[in-house]
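# Remarks on the overall topology
These are the residues of each chain, in order.
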There are 2 protein chains.
Amino acid sequence: MQVLHPALILLTSSGPARIPLSMLVIFASAKLLADVFERVGQPGIVGEIIAGVLVGPSVLGWLAPNDFLTALAELGAMFLLFRVGLEVKSSDLLKVGGTATLVAAVGVIVPFVLGTGILLLWRAPVNEAIFVGASMVATSVGITARVLAGRGLLHLISSRIILAAAVIDDVMGLLVLAAVSSITRGRLNWLDLGLTALLATGFTVVVGKWGTATARRVVPHVEAKLRVGEAPFAFAMCLLFALSLLAIYAGVAAIVGAFLAGMALAESVPRRVHDLAQGVSELLVPFFLAGIGLRVDLSAFRQTSTAVLAAVIIAAAIVSKLIGCGLGALKLGRTEAFRIGMGMVPRGEVGMVVAQLGLTMGMISQNIYGVVVFMSVATTVIAPFLLKIAYRGIGQEWSVEQDEVANIA
Amino acid sequence: MQVLHPALILLTSSGPARIPLSMLVIFASAKLLADVFERVGQPGIVGEIIAGVLVGPSVLGWLAPNDFLTALAELGAMFLLFRVGLEVKSSDLLKVGGTATLVAAVGVIVPFVLGTGILLLWRAPVNEAIFVGASMVATSVGITARVLAGRGLLHLISSRIILAAAVIDDVMGLLVLAAVSSITRGRLNWLDLGLTALLATGFTVVVGKWGTATARRVVPHVEAKLRVGEAPFAFAMCLLFALSLLAIYAGVAAIVGAFLAGMALAESVPRRVHDLAQGVSELLVPFFLAGIGLRVDLSAFRQTSTAVLAAVIIAAAIVSKLIGCGLGALKLGRTEAFRIGMGMVPRGEVGMVVAQLGLTMGMISQNIYGVVVFMSVATTVIAPFLLKIAYRGIGQEWSVEQDEVANIA
């Protein structure tokens, strides 16, 4: 029976087996490697990312990223941020708004300058250099959120600052990208840039500020009036999709909309909605994590010079966020500043999107594209280790015991 | 802003907006129409199917079935049957095995004979006639299961017989299809047919009979040893995908594997797994239901003769299952026999798959394909009404009150 060699089937099959087979391979390998990593005292979440590298094109070649898996990964990220949003009060986030803005701003400037500078020293063309700088700007908060939520640390002041700064950082990253795209095209349209800024900021501020109050008025009506099963959950899903969509139209990432949707509902939906949403995120988040690993392509590193550049860029990506965000949060003390800096390190899919755009615009070479993708994955894989150090001694380990407590609760 | 005209975007966009936009359109319209249907005292589930017809190619044209939506629909059907399986003890199902086999067998023969006969009277070619007969054979149990689960009727003897008969019916449907495919190709390979029968029956019987006992031994180990969050749920998902996959390899539908996976776990997983799985199914089942409606294409019915044939075929599809399955269950009394017959009426996606195969093999014409698809949808849409009559006075209505009880529990 062909059942025994998944590689053969996965690469050839487009029949009905494709869906359960690819889901089984990704989900089971992610959970298996998470288990192995936890057993040797390492973050299980890294195991889930590595599972994607393993089954992906770089190692076993069982699966390549395809439309279906990409869609599941995207949904996984949305539900992860939605669920994190459900645990966060918007008033708590607005309170740390000032610090978070400072953290985000310095944390955008330092990586951009450092990344562009390194590429210029490497004698890359100016356009390529500023594209790489831009790709190092935006934090992908998914991994950090997953680690902090898993360890029950979302209530800490540093966690709130990380979340708020990541949202602001996404808006700033959009502006940097818009500016870079027009500069490299030879003309900077200030009006366009201003409108982009206004739309993205407006969406985030309006939903962040008035979302909770609106949801508090609307949700009881929905619960009382809507004649469908699990009405509050159905409403929550509609809001999640609607705000993710509006976020995209406003120019920011879908996950920012998903986070804002969760936060808007945090104080008004019943506990049952949290549980049902958790079911979806337990299923889909492994596809988000393994999906990051799936995109790693090690073939770009046959040249030693590329490998050296990659190492330098990764180091710069880590150090620049640590210093940039840390400086922005320095008034909270060195421990908190260190934690916040660490939490902002992962670039995840955001860096990849910028690199992809640079590639399609013909601004960066295939090799540099490989370097940026590798930087995005590396900063994401290293983040749980960094956070483990930063939060040593507080919070729970992601362990079986904790899980059992959760089951009983 | 282009936000205002979804049709434009949906048909042109392949960007990041595609996923949240299509999910919002399907999910929100399904829930909205479910609400409207419930308000006028009709089954909400029919509203969800009609929502698919409305936003689909036949009416508004906002969305056409695509790979992503088809995958979500398939997953939705899998999770629906998985969750139904979780509520069913395999021992209860095995007890009604004899009656269920009789129900399935007579319920396969009558529609096949009637469907083939009508097409022959219509002077269709013999091959086309037996393909239409084959497409009327297999019950799609999703809709019935959703209605019975929604009204809290899964514990009834008639519900168990319907579930068991639907599984057996799927195996028989496979054999009819295999036989029909080889006959229309001009040669009937008895060895092949025997192997197909053996594999499909073997898979179903082995998993149905020993699945529960195996799960009861394995699940406690998984809970105690696996170092990942929500370990029993992670294990359940692996089993769900693995058995769905094996079901496909064994020749039966993925949803049969999903149902068997749920049933195997019914007596060993903690309540928490039910809740998490329900989250996924609450999200995805509307895509399964609306997905049925999405596939309706009314353009085949411009010819009056095709429309008349469609009406005759639909009537035959309903009456033949009612009579066939009812006869098989007659010893339980006329009320139970009537309920079981009604529960077996929907053909759903199974009929469509057969018609699709006939179309690709060049055995049936585009017009007849349209008729079979319409029959599949029509029997599915009518089923909740029939079940409402059949189970009048018992069980709960799918109402807001019930939902509130579920939330509190």
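Calculation notes
- Residues numbered from 1 in each chain as written.
- Chains lettered and ligands numbered in written order.
- Predicted model: local features only at pLDDT ≥ 70, side-chain atom pairs only at ≥ 80, totals over all residues.
- Helix = DSSP H or I, 4+ residues; strand = E, 2+ residues; numbered from the N terminus.
- Buried ≥ 20, exposed ≤ 12 C-beta atoms within 10 Å, placed from the backbone.
- Contact = placed C-beta atoms within 7 Å.
- Nonpolar A, V, L, I, M, F, W, Y, C, P; charged D, E, K, R; others polar.
- Axes fitted to C-alpha atoms, helices over the stretch in contact; angles between N-to-C directions.
- Parallel < 35°, antiparallel > 145°, perpendicular 65-115°, else oblique.
- Left-handed = near helix turned anticlockwise from the far one by under 90°.
- Least-squares fit on C-alpha atoms with pLDDT ≥ 70 in both.
- Core = buried A, V, L, I, M, F, W, Y, C linked by C-beta atoms within 7 Å.

Before going further, it helps to examine the overall build of chain A. When you go through chain A residue by residue, the secondary structure sums to 18 helices and 0 strands. Oriented by its inertia axes, the alpha-carbon framework of chain A measures out at about 65 × 60 × 40 Å. Here chain A holds 409 residues, and 59% of them are scored as buried. Sequence separation of 24 or more characterises 78% of the internal contacts of chain A that already satisfy a separation of 6 or more.

Residue-level contacts link 55 residues of chain A with 55 residues of chain B. Where the side of chain A that touches chain B is concerned, the elements lending two or more residues are helix H2 (18-39), helix H4 (67-86), helix H11 (231-250), helix H13 (271-294) and helix H18 (400-408) of chain A. The element that contributes the greatest number of residues to the side of chain A that touches chain B is H2 of chain A, accounting for 12 residues. Partitioning the side of chain A that touches chain B into residue classes produces 35 nonpolar, 8 polar and 12 charged.

Residues and elements named next belong to chain A. Relative to each other, helix H6 (residues 97-121) and helix H9 (residues 157-184) sit at 45 degrees, their axes nearing to 8 Å. The orientation of H6 with respect to H9, classified from their angle, is oblique. Viewed along their axes, H6 and H9 form a crossing whose handedness is right-handed. In this structure, H6 uses Gly97, Thr99, Ala100, Thr101, Val103, Ala104, Ala105, Gly107, Val108 and Phe112 to contact H9, whose residues at the interface are Ile161, Ala164, Ala165, Ile168, Asp169, Met172, Gly173 and Val176. Classifying every residue of the contact of H6 with H9 by side-chain character gives 12 nonpolar, 5 polar and 1 charged.

This brings us to the relation of the copies chain A and chain B. Of the transformation placing chain A onto chain B, the axial shift is 0.0 Å and the rotation is 180 degrees, giving an RMSD of 0.1 Å. Interpreted geometrically, this transformation is the action of a two-fold axis. Counting the interface residues of chain A, we find that 100% of their copies in chain B are interface residues as well, pointing to one common contact surface.

Our focus in this paragraph is the environment of Ile162 of chain B. Tracing the chain through its elements places Ile162 of chain B in helix H9 (residues 157-184). Here the alpha-carbon distance between Ile162 of chain B and Met342 of chain B, two residues 180 residues apart in the chain, equals 9.4 Å.

On to the nonpolar core. Ala165 of chain A together with Ala165 of chain B are the most contacted members of the largest nonpolar core, which totals 322 residues. Beyond its immediate chain neighbours, meaning those up to four positions away, Ala165 of chain B contacts Ala100, Val103, Ala104, Gly107, Cys325 and Met344 of chain B.

It is the contact of H4 of chain A with helix H4 (residues 67-86) of chain B, at a shortest axis distance of 10 Å, that shows an interaxial angle of 65 degrees. In terms of axis orientation, H4 of chain A runs roughly perpendicular to H4 of chain B. Crossing hand, H4 of chain A versus H4 of chain B: right-handed. Note on element contacts: H4 of chain B touches H4 of chain A through Asp67, Phe68 and Ala71 of chain B, opposite Asp67, Phe68 and Ala71 of chain A.

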